[in-house]
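Below are the chains, spelled out letter by letter.
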Amino acid sequence: MNKVLLYTDGACSGNPGPGGYAAILVCGAYEKEIKGGEAETTNNRMELLAVIEGLKCLKEKCEVTVYSDSSYVINAFTKGWIYSWQKAGWKRKDGPLKNVDLIKELYELSFKHKITWEWVKGHADNEYNNRCDKMAVEMSAQYGKPTVEKAAVDKPAVRDMIYEGELVEKEINSVNYFSGRVFNVDVLDVQLPDNRTSKREIVRHLGGAAIVALDDEGNIYMVRQYRIATGRVMLEIPAGKLEPGEDPMDCATRELTEETGMRAGKVTKLCSFYATPGYCTEKLHIYLATELTQHNPHRDEGEFLHIVKMPFDEALEMIRQGKIEDGKTINGILMAKAFYM
């Protein structure tokens, strides 16, 4: 079990007011800093959130020592307050319990690791605590920047007007919540064009390439493959995920041969597009393959698919009838029709 030191701190200007949190994770020679904030919060919420976000960074069970200058956070565990609150239905004997959402989340996270809770004196000689304090204060200041008055923003007369101002959002902070084989998921704090702040959930994907393969007789080569996300077998043009630094054309021709056994004597770029730019970085590159020669396919391990050969016009008709539902396949076939046939 890995041993991790987790240093945390929170800050708030006004209390309530704009606040920030920060954490530093130390595991051997490895260090990771995280930070964030909210436009309207309290100091205690930022202290709690610093520990929560730090623990969320751990992908497996660890032996963790949490260092905080917040008696509120440390005493909740060392004096057993949090267990009493849980038994009482998340209530205090002398009144309602504040910050229930974060306290419950921290309570659940605490069972995923072996945790020791240590209080440290703030603004003293602990290097990591001082670093966390500095980052938390900086984030509090960032979220405290002047904003457009809410009353003005909410007026229908303002929101319903044609907008011709700045469009770019500025990334303030990014926290990774998931790292997988195919994609990662980050949550961003962004500054809007009117200086308000908001959050964005982003799927980070390296992108992919796909290829429309046409033979000299006007047939297209596609594959049928079960896609568990849709719960059905899909008809698609050959495609695959880009490897880091890989040329999209190399990816497309590789997938063509692996999935169908076809090799292209000529490859032409059709287009590139973002599949779902609202929340995903995935960019797809589509090519046209002609002058085909038949070789043996070489599917990836665990990949099961059927090769489908059909007249190109039949594929077009299937699109018209809604029988082809894969976006890259529709895009590729229509681009091939529009520009090369």
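These numbers come from a predicted model, not from an experiment.

### So, the overall build of the protein
Inference 1: Looking only at helices and strands, one finds 10 helices and 15 strands in the protein.
Inference 2: At 27 Å, the protein has a C-alpha radius of gyration far larger than the 20 Å of a compact globule built from 341 residues.
Inference 3: With respect to the three principal axes, the spread of C-alpha positions in the protein is 80 × 60 × 40 Å.
Inference 4: For the protein, the proportion of its 341 residues judged to be buried stands at 44%.
Inference 5: Long-range pairs, those at least 24 residues apart, make up 63% of the contacts in the protein between residues at least 6 apart in sequence.
Inference 6: Accessible area of the protein: about 19,100 Å², with a carbon and sulfur share of 51%.
Inference 7: Looking at charge distribution, the protein has the averaged site of its 44 positive side-chain charges lying 5 Å from that of its 51 negative ones.

### A closer look at helix 2 (residues 71–78)
Inference 1: Along helix 2, the residues that are buried comprise Val 73, Ile 74, Asn 75, Ala 76 and Phe 77.
Inference 2: Residues of helix 2 that are buried in the fold lie against helix 1 (43–56), strand 4 (63–68), helix 3 (81–87), helix 4 (100–110) and strand 5 (114–119).
Inference 3: After helix 2 finishes, the residue Gly 80 shows a positive phi value of roughly 75 degrees.

### A closer look at the packing of helix 9 (residues 312–320) against helix 10 (residues 327–340)
Inference 1: Contact geometry of helix 9 with helix 10 gives a least axis separation of 11 Å together with a crossing angle of 125 degrees. When the axis of helix 9 is compared with that of helix 10, the two are oblique. Crossing handedness for the pair helix 9 and helix 10: left-handed. Across from Phe 312, Ala 315, Leu 316 and Ile 319 in helix 9, the residues of helix 10 making contact are Ile 330, Ile 333, Leu 334, Ala 336 and Lys 337.

### Details of the environment of Pro 193
Inference 1: Along the chain, Pro 193 turns up in the loop between strand 7 (183–191) and strand 8 (197–205).
Inference 2: Taking the C-alpha atoms as reference, Pro 193 lies 6.1 Å from Leu 167; in sequence the two are 26 residues apart.
Inference 3: Other than its neighbours up to four places away in sequence, Pro 193 contacts Tyr 163, Glu 166, Leu 167, Val 168 and Glu 169.

### A short note on the side chain of Thr 268
Inference 1: Tracing the sequence through the fold places Thr 268 in strand 13 (residues 262–274).
Inference 2: For Thr 268, the contacting residues outside a window of four places in its chain are Tyr 287, Leu 288 and Tyr 340.

### Some points on the nonpolar core
Inference 1: Among the nonpolar cores identified, the biggest contains 34 residues, and Leu 6, Val 51, Leu 55, Val 64, Ile 82, Leu 106 and Trp 117 are the most heavily contacted of them.
Inference 2: Looking at this core, the elements that each hand over two or more residues are strand 1 (3–12), strand 2 (17–27), helix 1, strand 4, helix 2, helix 3, helix 4 and strand 5.
Inference 3: The leading source of residues in this core is helix 1, at seven residues.
Inference 4: The residues contacting Leu 6, other than those within four sequence positions of it, are Ala 23, Ile 24, Leu 25, Val 51, Gly 54, Leu 55, Val 64, Thr 65, Val 66 and Tyr 67.

### Considerations on the sheet that holds strand 8
Through backbone hydrogen bonds, the strands of a sheet pair up, either in parallel or in antiparallel fashion.
Inference 1: Pairing is antiparallel across the open sheet formed by three strands, whose spatial order is 6-7-8. Across the chains shown, the open sheet's two edge strands, defined by having one partner strand only, are strand 6 (170–179) and strand 8. Going across the sheet, the axis of each strand differs from the next one's by a mean of 25 degrees, ignoring polarity.
Inference 2: In this sheet, strand 8 lies alongside strand 7 in antiparallel orientation, the contact comprising nine bridges. Along strand 8, the bridge assignment pairs Gln 191 with Thr 197.
Inference 3: Contacts from helix 5 (residues 127–143) reach strand 6, strand 7 and strand 8, with the element oriented near 125 degrees to strand 6.

### A look at the pairing of strand 3 (residues 30–41)
Inference 1: Direction of pairing for strand 2 relative to strand 3: antiparallel, over a ladder of 10 bridges. Among the inter-strand pairings, Ile 24 is bridged to a residue of strand 3, identified as Glu 33.
Inference 2: Between the antiparallel neighbours strand 2 and strand 3 lie two residues, among them Gly 28 with a positive phi of about 65 degrees.

Calculation rules
- Residues numbered from 1 in each chain as written.
- Predicted model: local features only at pLDDT ≥ 70, side-chain atom pairs only at ≥ 80, totals over all residues.
- Heavy atoms only, no water.
- Helix = DSSP H or I, 4+ residues; strand = E, 2+ residues; numbered from the N terminus.
- Rg over C-alpha atoms; globule rule 2.2 N^0.38 Å.
- Buried < 20%, exposed > 50% of the residue type's maximum accessible area, 1.4 Å probe, protein only.
- Contact = heavy atoms within 4.5 Å.
- Areas by Shrake-Rupley, 256 points an atom, 1.4 Å probe, with all protein chains shown as cover.
- Lys, Arg positive; Asp, Glu negative; His and termini not counted.
- Charge placed at Lys NZ, Arg CZ, Asp CG, Glu CD.
- Axes fitted to C-alpha atoms, helices over the stretch in contact; angles between N-to-C directions.
- Parallel < 35°, antiparallel > 145°, perpendicular 65-115°, else oblique.
- Left-handed = near helix turned anticlockwise from the far one by under 90°.
- Core = buried A, V, L, I, M, F, W, Y, C linked by side-chain atoms within 4.5 Å.
- Pairing = 2+ DSSP bridges.

Fair warning: the whole summary comes from geometry, so function is off the table for now.
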